[in-house]
Amino acid sequence: MFTGIDIGGTNTDIALIDSDIRTIKVSNSKGLAQALLKAGDGGRLAVSTSQPLNAMVTGSTGRVRTITIPGPGLVHGGAVKGAVGPRGDVLEPVDTRQVEGLLRGCRADAVAIVGKFSVRNPVQEEIVRDIARQFFDDEQIAISAPLGGLNFPARIATTRINAGIKATVVSLSDQIRKTHPDFLFVTSDGGLCGFDRAIDNPSLLYHSSPATVALGAGYLSKKQDCLVVDIGGTTTDLVPIRDGKPVLQTLFVQGRRTLIQAVTADTIPLGGDSCIRDVLTQVRSGNARAFGGGEPTLTDALNVLGADIGDVSRSCCLDPAKAFEAYQYYLETLGAIIHRKDPGLIVGAGFLAPYLIPDLADEARVRYYVPEHAASANAVGAAVSRISIRIHARADSGRGILTLNGVDYPLPAGISDDDLLMYAGEIVRTQARKEGAPAQDLKELLTSQYSVYNVVRGGRTQARITDFVIGIAPGITAEAP
Amino acid sequence: MTTGIIFGPEYLRHEQSPTHPERNERLAYTMDQLMEEGLFDHPDIMLIPPRKATRTEVLAVHDPGYLSFLEESSVTGGMIDYDTAIPHGLIGDALLAAGGAVIAADAVIDQTIHNAFVLCRPPGHHAGRSHGGGFCYLNNAAIAVRHLQRRGMKRILILDWDAHHGNGTQEIFFTDPSVLFCSVHQFPFYPGSGQIDEIGSGEGIGYTVNMPVPGGSSDQVYQYLLTEIVIPLAEEFQPDCIVVSAGQDNHFSDPLTGLALTARGYATMMQEVCILADSICLGRLVGILEGGYSVEGGLPYTNLGIIAAMAGLDISAIREPDSLLDLLHRSVSESAISQVITITGELKEILSPYWTCFR
Ligand SMILES: [Zn+2]
């Protein structure tokens, strides 16, 4: 049994997949415990927490105090003395008194600790973290080394997100583990990760929703190349799928580059709950009237035009002419955007897909497909996804260390370039197996950004440095029914 | 106000031998530093990939016979001097370095970017019309200068601050009054040329300016020469564009030379050159990497400092790690400045017939 849960803005979707697919919708007001109960406890559980985390990141994550250790070069806010070099050697000691001075009496809700080149040696971030532990709980402190990648400003932005949402991720994780000790989280690239990895780097979980929907729609439709049109309450998301996979890109949050890899998606702020105030607006003030809300929405317009969604009688206060106009406006707006993307085929997802997709495809002059269970494509995607890992690796034969996302492993002396990739690959596989990945999902590892140089001092080669990114790409697990 | 960085992974390809001072490790820590600083995402910085220079672009500077020699030796392997071998496939890498300088020139003229820094290898300023040497094959800066001129820029100022004298560039423009070549370099030192009485010949007399400095010369010396010689000359010459042969082997930690410049000194110097370019030539400025062999203690910080200065970023915290401070103190010569003041007086005397600013 493969079980997926997607915690949305108002409802939680559950998909249970073995030889057939069952889907369940539970109102968030009933609480997560209720959803976990309905999910049962057989087989594998994957949880997408996108919506609550999105709300925190774009709203208020509380006050996050940033401490940076910039060393030589460009300086950022919250700087303390200390430096690690490009090869991971400590160049200047951390000024621990300065750190204490910044944290003592600091009334922040969380602390983000970011040192330049910490991904090559996390020791100075760890020193600052140990001091921070005198003043804060562990779940209020985030360091940047587990992010793995170079880019100090992006690590600052990402670590601030991590510090802000870590406590929520920890409590969510604790709650789910009570009934499902081996559960997995869905990540922003549509893959899965164990809770340990998520707590080290909570940003992995941020913005997972479009990836989950795309994966689910791809699985349900069996289409390799298409544009998934996911019609939600507040927005309509357009997610391209190429060769059976969503496309990944770097995520910017509030204009700042992060180290989060997320699925490429266009979000148009129109959905089933968009209010009709004379015309269709980008405002959501609650549910559609058909689902007990106060203001008429696009969903109510569909009812007025002949659909049968929820309590149709409550939709009837909407003037049919206005309903038609709002409906047309939605089709024309989305139709034009989709037509420009020239996708050939659109696959519908979301509760309203069967009602809107045929006319939308007509408007955009493309073919369409609305799979069964389209309403729960998100939860289906979570259920069938597989464990994905992305690790920044650096081997330094001089220091005898292989650093994988800020964690040091011994590097065997005299290891060849090929054996190094095998060695790092085996560590990646072990991590994935520990989280529950089946052998078939571990066959193919992806390696990219490979570069190598020798360290020469005094005319003699003293070390060989190898950098690469290695991991398991997201996708659908080989075990999916 | 965007600064272009011309760089591609191809610039890491060329190596004469794995342990040669001019090896790919030269840019490894620099690229780490630039990436870690997030410079390539900075709104004022644009990464531009290089392309190969065309034959026409190269032949505007070099003899056809010399180009053929490089092309043929790139197949067979060859030798220019004791320090400068021609490894297999050299010509492709050399053309990419020169082409990077040409692209930078184009982008600055077209105002795609405000100014540009070419992080190329191999370097170029020892390469003359028909010879290479000193790790150099094609003269990247000279090729960029001729390209700028073909595109309508009449007068070009070259400031060559590499620790070694830019003998190749000097030779190429020795008789040419449209290019004012100014070089600051350690003397006596490789390649042996660059004394104050080498001032050009024929119509180009007065348009070659050499500022030899003793070992141990520090930030203070370079600031002094900029103020006393380079800026007055530039203001009188009124170039349409400034090209900097930005060697970074004057850094105090450089293993091949004996000068004592700091990363902050480099950044400040580039900042002054930017201000100069803004005041006389609409900011048009192309920096081209030449030497620099302190791969770990120097280049990451000097390259960052130069780029930060060109992009108008805060350079107040550009520095080396504290662990190198002892070496800095040992490298600086206190007497260098007084020697340089004397030489500067003589140089002004020699140049005074050609430049009113020195009368
Ligand atoms: Zn040099």
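Cut-offs used in this document
Residues numbered from 1 in each chain as written. Chains lettered and ligands numbered in written order. Predicted model: local features only at pLDDT ≥ 70, side-chain atom pairs only at ≥ 80, totals over all residues. Heavy atoms only, no water. Helix = DSSP H or I, 4+ residues; strand = E, 2+ residues; numbered from the N terminus. Rg over C-alpha atoms; globule rule 2.2 N^0.38 Å. Contact = heavy atoms within 4.5 Å. Areas by Shrake-Rupley, 256 points an atom, 1.4 Å probe, with all protein chains shown as cover. Lys, Arg positive; Asp, Glu negative; His and termini not counted. Charge placed at Lys NZ, Arg CZ, Asp CG, Glu CD. Buried area = accessible area lost by both parts, 1.4 Å probe. Salt bridge = Lys/Arg side-chain N within 4 Å of Asp/Glu carboxyl O. Polar contact = N/O pair within 3.5 Å; in protein donor to acceptor, adjacent residues only side chain to side chain. Nonpolar A, V, L, I, M, F, W, Y, C, P; charged D, E, K, R; others polar. pLDDT = per-residue confidence, 0-100. Donors = N, O, S within 2.8 Å, 3.2 Å for Na, K, Ca; no water. Tetrahedral: all angles 85-135°; square planar, octahedral: opposite > 155°, others 65-115°. Buried < 20%, exposed > 50% of the residue type's maximum accessible area, 1.4 Å probe, protein only. Domains from an automatic or database assignment.

### Regarding the overall build of chain B
Then, number 1: The helix and strand inventory of chain B stands at 11 helices and 10 strands.
Then, number 2: The C-alpha radius of gyration of chain B comes to 19 Å, within 12% of the 21 Å expected for a compact globule of 359 residues.
Then, number 3: Taken over the C-alpha atoms alone, chain B extends approximately 50 × 50 × 40 Å along its principal axes.
Then, number 4: Here the analysis covers contacts within chain B between residues at least 6 apart in sequence; of these, 78% occur between residues at least 24 apart.
Then, number 5: Taken as a whole, chain B presents about 11,700 Å² of accessible surface, with 55% of it coming from carbon and sulfur.
Then, number 6: Side-chain charges of chain B comprise 19 positive and 43 negative groups, with the mean position of each set lying 7 Å from the other.

### Observations concerning the interface of chain A and chain B
Then, number 1: Opposite the 31 residues of chain A that make contact, chain B presents 29 residues.
Then, number 2: In total, about 2,400 Å² of surface goes out of reach between chain A and chain B, with carbon and sulfur atoms giving 51% of it.
Then, number 3: Its largest share of buried area at the contact with chain B, chain A owes to Pro72(A), Leu74(A) and Tyr453(A), together 24% of the area lost on that side.
Then, number 4: Viewed at the interface, chain B and chain A are joined by nine salt bridges.
Then, number 5: Across the pair Arg457(A) and Glu25(B) runs a salt bridge, and its minimum N-O distance is 2.9 Å.
Then, number 6: Summed over the shared surface of chain A and chain B, the result is 18 residue pairs in polar contact (both at pLDDT 80 or more).
Then, number 7: Secondary-structure elements contributing two or more residues to the side of chain A that touches chain B are strand 7 (90-92), helix 5 (152-179) and strand 25 (446-457) of chain A.
Then, number 8: A total of six residues in the side of chain A that touches chain B trace back to one element, the largest contributor, which is strand 25 of chain A.
Then, number 9: A per-class count over the side of chain A that touches chain B returns 13 nonpolar, eight polar and 10 charged.

### Describing the confidence of the model for chain B
Then, number 1: Across chain B, the average pLDDT comes to 95, with 100% of residues at 70 or higher.
Then, number 2: Model confidence for the complex is summarised by a pTM of 0.91, with the ipTM given as 0.92.

### Side note on the coordination of the zinc ion
Residues and elements named next belong to chain B.
Then, number 1: Looking at the zinc ion, one finds its protein donor set to be Asp 162 (OD), Asp 162 (OD), His 164 (ND1) and Asp 249 (OD), positioned 2.0 to 2.8 Å from the metal centre.
Then, number 2: Around the zinc ion sit four donor atoms; with metal-centred angles ranging over 52 to 155°, the donor geometry is irregular.
Then, number 3: When the donor residues of the zinc ion are listed from N- to C-terminus, their spacing reads D-x1-H-x84-D. Of this pair, Asp 162 sits in the loop between strand 6 (156-160) and helix 6 (167-173) while Asp 249 sits in the loop between strand 9 (241-246) and helix 8 (263-280); the two residues are 87 residues apart in sequence, bridging distant segments of the chain.
Then, number 4: With relative accessibility at 0%, the residue Asp 249 sits in the buried group.

### A look at the domain arrangement of chain A
Residue and element names in this part refer to chain A.
Then, number 1: Domain boundaries in chain A define domain 1 (64-166) and domain 2 (389-472).
Then, number 2: Each of domain 1 and domain 2 was reduced to a C-alpha centroid, and the two centroids are 25 Å apart.
Then, number 3: With 12 residues of domain 1 at the contact, the number on the domain 2 side is 12 residues.
Then, number 4: Here domain 1 meets domain 2 over a buried area of about 900 Å², counting both sides, of which 41% is carbon and sulfur.
Then, number 5: Of all residues in domain 1, Arg 87, Arg 120 and Gly 148 bury the most surface against domain 2, accounting for 61% of the area lost on that side.
Then, number 6: Applying the counting criterion to the domain 1 and domain 2 interface returns two salt bridges.
Then, number 7: A salt bridge links Arg 87 to Asp 396, with the shortest nitrogen-to-oxygen separation between them at 3.0 Å.
Then, number 8: Of the residues belonging to the side of domain 1 that touches domain 2, the class tally is six nonpolar, four polar and two charged.

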